[in-house]
Amino acid sequence: MCGVIGDPIEHTLSPTIHNAAFNHLKLDFVFLAFRVKAADLENAVRGMRGLGIYGLNVTMPHKSTVISFLDEVDPTVQFLGSANTILNKDGKLSGFNTDGVGALKALRENGAELSEKKVLLLGAGGAAKALAFALAEEVGELVVLNRAAEKARELAEALGRMFNKKVVGGSLSPDAIAKNLRASDILINATSVGMKPNLSQSIVAPQWLKSDLVVMDIIYDPVETKLARDAKAAGAKVISGVEMLIYQGAASFEIWTGRAAPIEVMRRAALNKLSSAGASK
Ligand code: ATR
């Protein structure tokens, strides 16, 4: 058994994606969603050992607090202070964070070249931090802009020092976005702006977008955000949040099963679920 823990948890796509993959590969696994309140987190994680639960995904609000209940965490989790994947190997619980590798894979598998490129990342929350950590090592230059500018500056300073790269942090002002976009190759929205139900919101004015940009939004509901629509209209290459969702899920899947994840099966399952959920609302 594998599963996902969080609160709330009813909108998670993880069971859909992982059960589709398990079935496709005929693996003797099942994936369930558990609503776990903060006060029950320690018991839930201990229960992995008791019940022989092989792997868990961890989502809001437990990604940080879960770390103290694990036996070991990888260097990414140490830097980020958050884990989204637990592996139970013979009772030893290891923590990983697959958001960053998932984002890199989503970019690369969709044709985005990273080395020597200038990337503009909007946001400095949990997901943005995971992306920034993964990107800083790979790209030529990284600019992180956030509404709470201090968070972006601190993150940029830490990453610049760590990877000996140009990493700049600043405020999410229209001027800063417009100016940085002119020199950027890749734009990533890692804020929650544009997420359902705010379908008409975008931080980036359409006239700042250009055809030689790659634009990735980490929001997957809606599958196409206003930013994605605007970017497409400007002729840019667009990568949807479903891609990051799938590739971070695939990375967890590979940690648990040791098998290559069936990406297309997972993508189809996620898109089917998203379109049927949208239709029923
Ligand atoms: P996640 O785990 O999805 O990254 P999070 O850690 O709460 O969630 O981060 C949300 C991100 O969206 C943050 O960068 C947040 O900016 P602040 O750090 O300034 O709060 C950003 N965000 C949320 N609402 C926003 C808004 N209306 N305008 C701009 N940025 C916003």
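Everything in this summary refers to the structure shown in the same document. The structure presented is a predicted model; accordingly, all values stated were derived computationally and were not measured.

## Some thoughts on the nonpolar core
Here comes step 1: Core analysis: the biggest nonpolar cluster contains 57 residues, and L107, L121, L131, L135, L142, L159 and I188 have the highest contact counts within it.
Here comes step 2: Both of domain 1 (2-97 + 244-276) and domain 2 (100-239) provide at least three residues apiece to this core.
Here comes step 3: Ignoring anything within four residues of it in the chain, the contact list for L142 reads V119, L121, A132, L135, A136, L159, K166, V167 and V168.
Here comes step 4: By size, the runner-up hydrophobic cluster in this structure holds 16 residues, among which are V143, L187, L213 and L227.

## Digging into the site of the ligand
Here comes step 1: Among the 13 residues in the neighbourhood of the ligand, the closest are listed as G126, A127, N146, A148 and K151.
Here comes step 2: Within the backbone of A124, an N or O atom sits 3.0 Å from an oxygen atom of the ligand.
Here comes step 3: Between G125 and the ligand, the recorded distance is 3.3 Å, taken from a backbone N or O atom to an oxygen atom.
Here comes step 4: Its residues assigned to classes, the shell around the ligand shows 5 nonpolar, 6 polar and 2 charged.

## Re the environment of A234
Here comes step 1: Summarising the element assignment, A234 is placed in the loop between α8 (226-233) and β12 (237-239).
Here comes step 2: With 26 residues separating them in the primary sequence, A234 and W208 have C-alpha atoms 9.1 Å apart.
Here comes step 3: Non-local contacts of A234, meaning those with residues more than four positions away in its chain, are made with L209, K210 and S211.

## Focus: the pattern of salt bridges
Here comes step 1: Inspection of the entire model under this criterion finds 17 salt bridges.
Here comes step 2: Between E141 and K118 there is a salt bridge; the shortest N-O distance is 3.8 Å. Pair noted here: E141 is in strand β8 (residues 141-146) and K118 is in strand β7 (residues 118-122), with a separation of 23 residues, a long-range link. Of the two residues examined, E141 and K118, each falls in the buried class.
Here comes step 3: Of the charged contacts in the structure, one is a salt bridge between R267 and E264, with a shortest N-O distance of 2.5 Å. With R267 and E264 both in helix α10 (residues 263-280) and 3 residues apart, this pair spans about one turn of that helix.
Here comes step 4: Overall, R267 belongs to the buried group, its relative accessible area being 16%.
Here comes step 5: Salt bridges sharing partners connect three or more residues here, namely E243, E264, R267 and R268.

## Quick look at the sheet that holds strand β11 (residues 214-217)
Here comes step 1: Taken together, the 6 strands give an open sheet; going across it, the order is β9-β8-β7-β10-β11-β12, and neighbouring strands pair in parallel fashion. In this open sheet, the two strands that pair with only one neighbour each are β9 (166-171) and β12. For this sheet the average axis-to-axis angle between neighbouring strands, irrespective of direction, equals 15 degrees.
Here comes step 2: Pairing geometry for β7 and β8, over 5 bridges, is parallel. Bridging from a neighbouring strand, L122 pairs with L145 of β8.
Here comes step 3: Against the sheet, helix α4 (residues 99-109) touches β10 (186-189), β11 and β12, its axis set at about 140 degrees to β11.

## Points about the packing of aromatic side chains
Here comes step 1: Applying the stated criterion across every chain yields a total of 6 aromatic pairs.
Here comes step 2: On the basis of an interplanar angle of 80 degrees and a centroid distance of 6.1 Å, the ring pair of F29 and Y54 is categorised as edge-to-face. Residue F29 is found in the loop between α1 (14-24) and β2 (31-35), and its partner Y54 is found in the loop between α2 (41-51) and β3 (55-58); the two are separated by 25 residues along the sequence.
Here comes step 3: Of the residues examined, Y54 reaches a relative accessible area of 28% and is grouped as partly exposed.
Here comes step 4: Put simply, the rings of F22, F29, Y54 and F253 pair up and form one aromatic cluster.
Here comes step 5: Positioned above the aromatic ring of F79, the side-chain terminus of K129 is 5.6 Å from the ring centre.

## A look at the sheet that holds strand β5 (residues 85-89)
Here comes step 1: Strand order in the open sheet formed by 6 strands is β2-β1-β3-β5-β6-β4, and the pairing between neighbours is mixed. Pairing within the sheet leaves two strands with one partner each, and these edge strands are β2 and β4 (72-73).
Here comes step 2: Inspection of the sheet shows β4 paired to strand β6 (residues 92-96) by 2 bridges, in the parallel sense. The residue of β6 that forms the bridge with V73 is G95.
Here comes step 3: Relative to β5, helix α9 (residues 241-257) is tilted by about 5 degrees, and along the sheet it contacts β1 (2-6), β2, β3, β5 and β6.

What counts and what doesn't
- Residues numbered from 1 in each chain as written.
- Predicted model: local features only at pLDDT ≥ 70, side-chain atom pairs only at ≥ 80, totals over all residues.
- Heavy atoms only, no water.
- Core = buried A, V, L, I, M, F, W, Y, C linked by side-chain atoms within 4.5 Å.
- Buried < 20%, exposed > 50% of the residue type's maximum accessible area, 1.4 Å probe, protein only.
- Domains from an automatic or database assignment.
- Contact = heavy atoms within 4.5 Å.
- Near = heavy atom within 4 Å.
- Polar contact = N/O pair within 3.5 Å; in protein donor to acceptor, adjacent residues only side chain to side chain.
- Nonpolar A, V, L, I, M, F, W, Y, C, P; charged D, E, K, R; others polar.
- Helix = DSSP H or I, 4+ residues; strand = E, 2+ residues; numbered from the N terminus.
- Salt bridge = Lys/Arg side-chain N within 4 Å of Asp/Glu carboxyl O.
- Pairing = 2+ DSSP bridges.
- Axes fitted to C-alpha atoms, helices over the stretch in contact; angles between N-to-C directions.
- Phe/Tyr/Trp six-rings, centres within 6.5 Å; stacked < 30°, edge-to-face > 60°.
- Lys NZ or Arg CZ within 6 Å of the ring centre and 35° of its normal.

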